[in-house]
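The primary structure of each chain is shown beneath.
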Amino acid sequence: MLSGSDTGIGHALAKHLDSLGFVVFAGVLDKDGPGAAELRRSCSQRLSVLQLDITNTTQVKDAYLTVSEKVQNAGLWGVVNNAGILGFPADGELLPMSTYRHCMEVNFFGAVEVSKTFLPLLRKSQGRLVNMSSMAGGIPLPRYAAYGASKAALSMFSGVMRQELSKWGIKVMAIHPSGFRTGIEGTAEQWDRQEKELMENLPADTRQAYGEEYLLGLRNYLLHLPSHCAPDLSPVLGSVLHALLARRPQGLYTPGKGAYAPLCIFCCFPLWFYDFF
């Protein structure tokens, strides 16, 4: 069972697992949307599309009932918490509190609720819980205070669950990808709305401190963000597949160029050196 299958990594992963013969339960934010329609069109009958807004407790429970009815006593082998949002990338002081709350609601609380709800099925099969975090959840990155904090919370949750659930044979893994072109960047309309909210709530002294040129440059940074992201998702798909199938999976995966080196520098060098880097 995986969440966030409408676009990006979740969509590609649902197709990949289906092509390998897995029985896939693909949770989508909109079961009538184009992502869900594409999954129904291109995948086998083994794949089931589930309406799953992970911030909606009723939908999470309904998805659990649907899955448990289909797997029955066999249990569920894997849950992949992939659904997530980026939020507007800007300095932490500039971001409205609504961005912090929304990131935590989706990236952390939603994943926790899905995990807690489906754990009885994983316990039956001694299965796998895979949480899609981010390199921003393991190291501090400028302009990702809200997103990074929510992913760091998810990474810590993964570590604690890995320790606590081992007594039932359940293995828990966190994935920290570097930059990939996943669709999490959102649409122009979404950015316009978030940028408007950000600008309208800025106190005058904060606006003056940063300067209009810097604030306008945030949109330019956003527009160029996809060009710095890798279009090939196969390293992430490979990491998730290893986490699901390996006899001894890693507790932490860092797929993609640039994900592992900064983490090593952050962990092994003085903080002033990492900040300079």
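Preceding block: the structure.
Please read all numbers here as calculations on a predicted model, not as lab measurements.

So, on to the pairing of strand β3 (residues 78-81). Because side chains alternate across β3, one face comprises the buried residues G78 and V80, and the other comprises V79 and N81, equally buried. Pairing of β3 with strand β4 (residues 128-132), which is carried by four bridges, proceeds in the parallel orientation. Residue pairing across strands places V80 opposite V130, the latter belonging to β4. In this region the chain leaves β3, passes through helix α4 (residues 97-125) and returns to the parallel neighbour β4; the handedness of that crossover is right-handed.

Quick look at unusual backbone geometry now. A positive phi angle, close to 50 degrees, is found at Q126, a residue other than glycine. Position of Q126 relative to the elements: it lies in the loop between α4 and β4. One non-glycine residue, R143, adopts positive backbone phi at about 75 degrees. Assignment of secondary structure puts R143 in the loop between β4 and α5 (145-164).

In this section: the pairing of strand β1 (residues 25-28). Residues F25 and G27 point to one face of β1 and A26 and V28 to the other, with burial holding for every one of them. Taken together, the four bridges between β1 and strand β2 (residues 48-51) define a ladder with parallel strand orientation. The residue bridging V28 from the neighbouring strand is Q51, located in β2. Crossover β1 to β2 through helix α2 (residues 34-42) is right-handed.

Next up on the list: the sheet that holds strand β5 (residues 171-175). Across the sheet, four strands lie side by side as β3-β4-β5-β6; this open sheet has parallel pairing. Only two strands of the sheet have a single neighbouring strand rather than two, namely β3 and β6 (252-253).

Before going further, it helps to spend a moment on the pattern of salt bridges. Two side chains carrying opposite charge are able to pair once their charged atoms lie near each other. Under the defined criterion, the tally for this structure stands at six salt bridges. Salt-bridge contacts for K15 lead to E38; the nearest nitrogen and oxygen are separated by 2.8 Å. Here E38 lies in helix α2 and K15 lies in helix α1 (residues 8-19), a separation of 23 residues in the sequence. Given the relative accessible area of 27%, K15 is considered partly exposed. Taking the relative accessible area as the measure of exposure, E38 reaches 23% and is therefore partly exposed. Residue E200 pairs with K196 through a salt bridge whose shortest N-O separation is 3.2 Å. Placement of the pair is E200 and K196 together in helix α6 (residues 188-200), with a separation of four residues, close to one helical turn. Assessed through its relative accessible area of 56%, E200 is described here as exposed. Among the charged side chains, a salt-bridge network with shared partners connects K15, E38 and R41.

Thresholds, definitions, all that
- Residues numbered from 1 in each chain as written.
- Predicted model: local features only at pLDDT ≥ 70, side-chain atom pairs only at ≥ 80, totals over all residues.
- Heavy atoms only, no water.
- Buried < 20%, exposed > 50% of the residue type's maximum accessible area, 1.4 Å probe, protein only.
- Helix = DSSP H or I, 4+ residues; strand = E, 2+ residues; numbered from the N terminus.
- Pairing = 2+ DSSP bridges.
- Right-handed = clockwise from strand over helix to strand, strands pointing away.
- Salt bridge = Lys/Arg side-chain N within 4 Å of Asp/Glu carboxyl O.

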